[in-house]
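Coordinate inspection notes
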Amino acid sequence: MPRLQHRLRQLVCCIILTASPWSVAEDINTEMQKAGSALSALIPFIYNDTRFRNPGNREIIELQLDQLIRSMQASPALMNDHALLRRLSQTSVQNQLEQARSLYKTGNYATAQYLLSGVPVLCSNCHI
């Protein structure tokens, strides 16, 4: 499990670092950096059942989820000049995050955790 967390952190760093500044609007870069930071902060919780369900971690998990959703909501208008695949991927990520947040808040931790574990893969659709 720690090895998987390490690999996912590397993926998030790659995603952040490979966004081409000359091909992506500055606003998108800013939002993606915020999203990458929030996802990096969530990874240790997403891949650890005990930490994800611990009531003491609820606030940080919800804060990071909210930041990810805000970043995805801020970006659609900025994505209009980009490929359809990017817009579809972004919509998928946003929907998955919103479902995960709703499930998490209602105590459906296993499903919320499962949905969140797929987010890095969805992010990589645009960044690889």
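Use the structure listed above.
Residues numbered from 1 in each chain as written. Predicted model: local features only at pLDDT ≥ 70, side-chain atom pairs only at ≥ 80, totals over all residues. Heavy atoms only, no water.

1. A short note on the overall build of the chain
Along the chain, the regular secondary structure elements total seven helices and zero strands. Across the chain, helices and strands are ordered from the amino to the carboxyl terminus as α-α-α-α-α-α-α. Counting the 128 residues in the chain, one finds 39% classified as buried. A sequence separation of at least 24 residues applies to 68% of the contacts in the chain between residues at least 6 apart. Taken as a whole, the chain presents about 7200 Å² of accessible surface, with 55% of it coming from carbon and sulfur. (Helix = DSSP H or I, 4+ residues; strand = E, 2+ residues; numbered from the N terminus. Buried < 20%, exposed > 50% of the residue type's maximum accessible area, 1.4 Å probe, protein only. Contact = heavy atoms within 4.5 Å. Areas by Shrake-Rupley, 256 points an atom, 1.4 Å probe, with all protein chains shown as cover.)

2. Observations regarding helix H4 (residues 58-74)
The end-to-end C-alpha distance of H4 is 24 Å, a good match for the 24 Å that 17 residues give at a rise of 1.5 Å each. Taken residue by residue, H4 has Ile61, Glu62, Gln64, Leu65, Gln67, Leu68, Ile69, Ser71 and Met72 as its buried positions. (Expected span 1.5 Å × (residues − 1).)

3. Considerations on the nonpolar core
Counting 24 residues, the largest nonpolar core has Leu39, Phe52, Ile61, Leu68, Leu97, Leu116 and Val119 as the members making the most contacts within it. Residue assignment for this core shows that the elements contributing at least two residues are helix H2 (26-46), H4, helix H5 (84-105), helix H6 (109-117) and helix H7 (119-127). Examining the composition of this core, we find that seven residues originate from one element, H2, more than from any other. For Phe52, the residues in contact, after removing those within four places along its chain, are Phe45, Ile46, Ile61, Tyr104, Tyr109, Ala112, Gln113 and Leu116. (Core = buried A, V, L, I, M, F, W, Y, C linked by side-chain atoms within 4.5 Å.)

4. Section: the packing of aromatic side chains
Across all of its chains, the model carries three aromatic pairs by this definition. When the ring of Tyr104 is compared with that of Tyr109, the centres are 5.2 Å apart and the planes differ by 70°; the resulting orientation is edge-to-face. Residue Tyr104 is classed as buried on the basis of its relative accessible area, which comes to 1%. With a relative accessible area of 22%, Tyr109 lands in the partly exposed category. Grouped by ring-pair contacts, the aromatic residues Phe52, Tyr104 and Tyr109 constitute a single cluster. In this structure, Arg51 packs its charged tip against the face of Phe45, placed 4.6 Å from the ring centre. (Phe/Tyr/Trp six-rings, centres within 6.5 Å; stacked < 30°, edge-to-face > 60°. Lys NZ or Arg CZ within 6 Å of the ring centre and 35° of its normal.)

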